[in-house]
Amino acid sequence: MKTDLAKVAWTEALRVNVPDIDSDHQRLIQLYNALVDDMESSYHAETIMHALHFLVHYALSHFAREKAFMERIAYPQIEEHCALHSALEKKVRQIFDQFALDKSPEFAQTIIVFLGDWLMNHIMKEDVAVGRYAFSVYGHEMGNND
Ligand SMILES: [Fe+2]
Ligand SMILES: [Fe+2]
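So, a few notes on the structure that sits alongside this text. (Residues numbered from 1 in each chain as written. Chains lettered and ligands numbered in written order. Predicted model: local features only at pLDDT ≥ 70, side-chain atom pairs only at ≥ 80, totals over all residues.)

1. Some remarks on unusual backbone geometry
Argument step 1. Positive phi is not limited to glycine here, since Asn17 has a value of about 75°.
Argument step 2. On the secondary structure map, Asn17 appears in the segment before α1 (19-40). (Helix = DSSP H or I, 4+ residues; strand = E, 2+ residues; numbered from the N terminus.)

Next comes the structure, spelled out in structure tokens:
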């Protein structure tokens, strides 16, 4: 199917500088790009739903790992950050309920665009801020891939 979806590429602007978190984010991007591929081939709502659930499930397990890291470094904005994760989880539940009723490719595309935008913005602003804090307080030992 022809869609307006665009794949995303890993860039330095997304680097948090904590190797485990960066590899989780790279995996999330891979899963997102696989969804774009699924949408570009012939549309099967069940395939998309399955891939979406997989992506979201991975994102939620990632949020737990990220929270553990924020606890470890005593990140001052941990509550606000985790509230953003929780808000996404809640929103995604609503969206999945809607998708169960409207399995159209147009709605699937809306969900994918929403998730992709949320992820990229969140990583670039919120997660990068966590990495910056870790580096400012603990220096190289907390991250940095060099
Ligand atoms: Fe986050
Ligand atoms: Fe993250």
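2. Quick notes on α1
Argument step 1. Counted at 1.5 Å a residue, the expected span for α1 with its 22 residues is 32 Å, and the 32 Å between its end C-alpha atoms agrees.
Argument step 2. By the burial criterion, the buried members of α1 are Ile21, Asp24, His25, Leu28, Tyr32, Leu35, Asp38 and Met39. Taken down its axis, α1 places every buried residue within 130° of arc, on the same side. Set apart from the buried face of α1 by more than 90 degrees, the exposed residues are Pro19, Ser23 and Asp37.
Argument step 3. Residues of α1 that are buried in the fold lie against α2 (45-72) and α4 (105-138). (Expected span 1.5 Å × (residues − 1). Buried ≥ 20, exposed ≤ 12 C-beta atoms within 10 Å, placed from the backbone. Arc of directions from axis to C-beta. Contact = placed C-beta atoms within 7 Å.)

3. A few points about the nonpolar core
Argument step 1. Ranked by internal contacts, the top residues of the largest apolar core, which has 14 residues, are Tyr32, Leu35, Met39, Leu55, Ile112 and Leu119.
Argument step 2. Secondary-structure elements contributing two or more residues to this core are α1, α2 and α4.
Argument step 3. Top element by residues in this core is α4. It accounts for five residues.
Argument step 4. What Ile112 contacts, discounting residues up to four positions off in sequence, is Leu5, Leu35 and Met39.
Argument step 5. Core analysis: the second largest hydrophobic core is formed by eight residues, Val16, Tyr75, Val130 and Ala134 among them. (Core = buried A, V, L, I, M, F, W, Y, C linked by C-beta atoms within 7 Å.)

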